[in-house]
Amino acid sequence: MKKILLFCLGSAILCSCVSKKEYQKLASSDLVKIDSLTCELALCNKNLQTSTALEDELEKKVVALRADSLSKNRQIENLTSQNNELKQLNTNLTNKQSAMIKQQAAESKKTLEELQAAREKLQTREDELDSIQLSLEQERKSLDKIRQELGIKNNEILLKNEQIANLEETLRKKDSATVALKSKLEKALVGFQGQGLTIEQRNGKIYVLLDEALLFKVGKSDVADKGQEALKNLASVLEQSPDINIMIEGHTDNTGGAKINWELSTKRALAISYILTDNSTIEGKRITVAGRGQYCPIDEANTAEARSKNRRSEIILTPDFQELYNIIHD
């Protein structure tokens, strides 16, 4: 537009200063220039429109870019804030890591010290174990020797145990036989018990106690009829028990002389033995006769009642222990 105005102004000035011919010539030339300028102007207008449109589009882009820049700035601010938080967190974590590393280092040092102490202790224990194993080896050798010796002793012990078992079984049988014998005697002599005859079982033996009044008259050694009946009943039982030994003891009181009492007690024991053997199949080797005189009183009081108790005969029945003797000395 400025060029057009300058051109018009220049044309006016030229028209006032040149001739008509020159003017026409200039005018013709100017028209050409005008057309050219018009074309240029049209082109410029077109370019201007294009530029304006471009400018509008650019303006829109600028607005959009500004909005986007604002959004990006906000994002940057958020990211910066987050970054700062992360930096702070990283700083905290780094501090904690450093503290943990220091703590781990201290714990590791302590662990290493404990491990070293444990190794030293283990070495000491291993040395002790080696010493113990050496001692055990020596003890094993001694034990083998002892076992060898014990093998012989164990055989002896087994044999002794067998002997003991046999002994116990034999004793049991003897006890059973003694109990059975006592029962048989009580049945055979039931009519005489409480009439001067008593049956007792003591220390594995059976005692048949006969008062003087049942068997003898005072100072005599002949057995009365009632006493003979009791002894015959006794003999019938004893001949059925050949493994029972018979001890016959005569006893007196302390009146009279000691020699007389000794002689009388022996005669009375012999008289009882004769009745037992004469009225049964009892072998004499089973019988032992003893006169005790006044020396084994039941009651030591010096009274008539005590002296009556002491005047007695005892038949002591004992199981034959030869079998037991054989077991023990086998």
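The text that follows walks through the structure, step by step, so that each part is easy to find. (Residues numbered from 1 in each chain as written. Predicted model: local features only at pLDDT ≥ 70, side-chain atom pairs only at ≥ 80, totals over all residues. Heavy atoms only, no water.)

## Regarding unusual backbone geometry
Positioned with a positive phi, asparagine 203 is a non-glycine residue whose angle comes to about 55°. Judged by relative accessible area, which is 75%, asparagine 203 ranks as exposed. (Buried < 20%, exposed > 50% of the residue type's maximum accessible area, 1.4 Å probe, protein only.)

## Quick notes on the side chain of arginine 286
As for its placement among the helices and strands, arginine 286 is situated in the loop between helix 5 (258-278) and strand 4 (287-293). The buried charged residue arginine 286 lacks any salt bridge, with aspartate 243 as its nearest oppositely charged partner at 6.4 Å. In terms of polar contacts, arginine 286 uses its side chain to reach the backbone carbonyl oxygen of isoleucine 244, at 2.9 Å. With residues near it in sequence (within four places) discarded, arginine 286 still touches Leu238, Glu239, Ser241, Pro242, Ile244, Asn245 and Ile246. (Helix = DSSP H or I, 4+ residues; strand = E, 2+ residues; numbered from the N terminus. Lys, Arg positive; Asp, Glu negative; His and termini not counted. Salt bridge = Lys/Arg side-chain N within 4 Å of Asp/Glu carboxyl O. Polar contact = N/O pair within 3.5 Å; in protein donor to acceptor, adjacent residues only side chain to side chain. Contact = heavy atoms within 4.5 Å.)

## A closer look at helix 5
The end-to-end C-alpha distance of helix 5 is 30 Å, a good match for the 30 Å that 21 residues give at a rise of 1.5 Å each. For helix 5, the full list of buried residues reads Asn261, Leu264, Ser265, Arg268, Ala269, Ala271, Ile272, Ser273, Ile275 and Leu276. In this structure, the buried residues of helix 5 make contact with helix 3 (212-215), helix 4 (225-238), strand 3 (244-251), strand 4 and strand 5 (312-319). (Expected span 1.5 Å × (residues − 1).)

## What about helix 4?
Spanning 14 residues, helix 4 covers 20 Å between terminal C-alpha atoms, matching the ideal 20 Å at 1.5 Å per step. If you check which residues of helix 4 are buried, you get Gly227, Ala230, Leu231, Leu234, Ala235, Val237 and Leu238. An end-on view of helix 4 places all buried positions within 160° of arc, on one side of the element. (Arc of directions from axis to C-beta.)

## Points about the packing of aromatic side chains
Centre-to-centre distance and the angle between the planes together describe a pair of aromatic rings. For the structure on display, the rule yields one aromatic pair. Between the NZ or CZ atom of arginine 202 and the centre of the ring of tyrosine 207, over which it lies, the distance is 3.8 Å. (Phe/Tyr/Trp six-rings, centres within 6.5 Å; stacked < 30°, edge-to-face > 60°. Lys NZ or Arg CZ within 6 Å of the ring centre and 35° of its normal.)

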